[in-house]
Amino acid sequence: MRTFEYSPEVRWSDQDLLGHVNNARMITLIEECRVRWMHHVRASHITSGGLLVAHQSIDYLVPVMYGPELKLTAVVKKIGNSSFTISTRGDQSGRKVFDSDVVLVHIDRETGRPTPLTDEVRAVFEPYLAE
């Protein structure tokens with residue numbers, strides 16, 4: 001199984017009044033990882049940009065802090081008929097800090113309706129499928 005790793009820049013302004021990275025900012029950092037991974041595998045080219053975030057969940061385990069490197073690791077958790085789930089793990093200072101799942105639905109851009117994943121799309125995601 002392949003993984004995609006990305007270390008986003010955590011900025012001073014990402015902190016909240018409690019001194020850790022704001023929970024809303026974490027969604028943006030996870031999205032940034034996902035978008036970079038999609039460009040890496042050229043998924044936006046083969047999906048024609050027709051992807052919709054249908055669901056997102058995050059389990060925060062410990063606060064993410066400004067300063068130490070934040071490493072994000074993405075894999076595909078599940079591939080369905082017209083959707084797939086990307087699981088992202090965050091690690092900082094040698095420990096897991098969060099787990100996130102995002103369900104993306106492949107849609108027809110003209111109708112906005114779900115459409116089956118093509119064999120080409122499946123071939124791109126399957127090497128990243130978690131066992």
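Residues numbered from 1 in each chain as written. Predicted model: local features only at pLDDT ≥ 70, side-chain atom pairs only at ≥ 80, totals over all residues. Heavy atoms only, no water.

The protein chain carries the name Acyl-CoA thioesterase in an unreviewed UniProt entry, which gives Brevibacterium casei as its organism.

Visitor: Would you mind showing me how to read the sheet that holds strand β5 (residues 95-106) here?
Guide: Either a parallel or an antiparallel arrangement is found when strands of a sheet pair, and the pairing is made through backbone hydrogen bonds. A sheet is described by the order of its strands in space; here five strands give the open sequence β1-β3-β4-β5-β2, paired in antiparallel fashion. The two strands at the open ends of the sheet, each matched to only one other strand, are β1 (4-6) and β2 (51-60). Across the sheet, the mean angle from the axis of one strand to that of its neighbour is 20 degrees, orientation sign disregarded. Judged from the 10 bridges that link them, strand β4 (residues 83-92) and β5 form a sheet pairing that is antiparallel. Each bridged residue has a counterpart across the sheet, and for Asp-91 the counterpart in β5 is Lys-96. On top of the sheet, helix α1 (residues 23-40) reaches β1, β2, β3 (70-79), β4 and β5; it is set at about 130 degrees to β2, its chief contact. (Pairing = 2+ DSSP bridges. Helix = DSSP H or I, 4+ residues; strand = E, 2+ residues; numbered from the N terminus. Axes fitted to C-alpha atoms, helices over the stretch in contact; angles between N-to-C directions. Contact = heavy atoms within 4.5 Å.)

Visitor: I tried to follow the pattern of salt bridges on my own but got confused; where do I start?
Guide: Charged atoms that come close allow side chains of opposite charge to pair. Applying the stated criterion across every chain yields a total of seven salt bridges. Between Arg-36 and Glu-32 there is a salt bridge, with the nearest N and O atoms lying 3.8 Å from each other. One end of the pair, Arg-36, and the other, Glu-32, are both in helix α1, four residues apart, so they sit about a helical turn from each other. Of the residues examined, Glu-32 reaches a relative accessible area of 24% and is grouped as partly exposed. Among the salt bridges present, the one from Asp-101 reaches Lys-77, with a minimum N-O distance of 2.7 Å. Pair noted here: Asp-101 is in strand β5 and Lys-77 is in strand β3, with a separation of 24 residues, a long-range link. (Salt bridge = Lys/Arg side-chain N within 4 Å of Asp/Glu carboxyl O. Buried < 20%, exposed > 50% of the residue type's maximum accessible area, 1.4 Å probe, protein only.)

Visitor: Which parts of the structure should I look at to understand the packing of aromatic side chains?
Guide: For any pair of aromatic rings, geometry is given as the distance between the ring centres together with the angle between the planes. Inspection of every chain in the model, using the stated rule, returns four aromatic pairs. Centre to centre, the rings of Trp-12 and Tyr-66 are 5.4 Å apart; their planes meet at 90 degrees, and the pair counts as edge-to-face. With Trp-12 in the loop between β1 and α1 and Tyr-66 in the loop between β2 and β3, the pair connects residues that are 54 residues apart, well separated along the chain. Overall, Trp-12 belongs to the exposed group, its relative accessible area being 61%. (Phe/Tyr/Trp six-rings, centres within 6.5 Å; stacked < 30°, edge-to-face > 60°.)

Visitor: Help me out: how do you make sense of the nonpolar core in this one?
Guide: Where a protein is soluble and globular, its nonpolar side chains tend to be buried together. Residues Trp-37, Met-38, Leu-70, Phe-84, Phe-98 and Phe-125 are the most contacted members of the largest nonpolar core, which totals 31 residues. When residues of this core are traced back to their parent elements, those giving at least two are β1, α1, α2 (43-46), β3, β4, β5 and α3 (119-125). Per element, the largest residue contribution to this core is six residues, and it comes from α1. Every residue in contact with Phe-84, bar those within four places of it in the chain, is listed here: Met-38, Leu-51, Lys-78, Ile-79, Val-102, Val-103, Leu-104, Leu-117 and Phe-125. (Core = buried A, V, L, I, M, F, W, Y, C linked by side-chain atoms within 4.5 Å.)

Visitor: Any chance you could explain the side chain of Thr-85 here in plain terms?
Guide: By the secondary structure assignment, Thr-85 is in strand β4. A relative accessible area of 12% means that Thr-85 is categorised as buried. The residues contacting Thr-85, other than those within four sequence positions of it, are Val-75, Val-76, Lys-77, Lys-78, Asp-101, Val-102 and Val-103.

Visitor: Even after reading the chapter, I still don't get α1, so can you show me in this structure?
Guide: Structurally, the α-helix is built with 3.6 residues per turn, so residues lying three or four positions apart point the same way. Here α1 contains 18 residues, and its C-alpha end-to-end distance of 26 Å stays within 8% of the 26 Å for a straight helix at 1.5 Å per residue. Those residues of α1 that sit buried are Arg-25, Met-26, Leu-29, Ile-30, Cys-33, Arg-34, Trp-37 and Met-38. Two or three places before Ala-24, at the start of α1, stands the capping residue Asn-22, its side-chain oxygen 2.7 Å from that residue's backbone nitrogen. Positive phi appears at Arg-42, one or two residues downstream of α1, with a value of about 60 degrees. (Expected span 1.5 Å × (residues − 1). Polar contact = N/O pair within 3.5 Å; in protein donor to acceptor, adjacent residues only side chain to side chain.)

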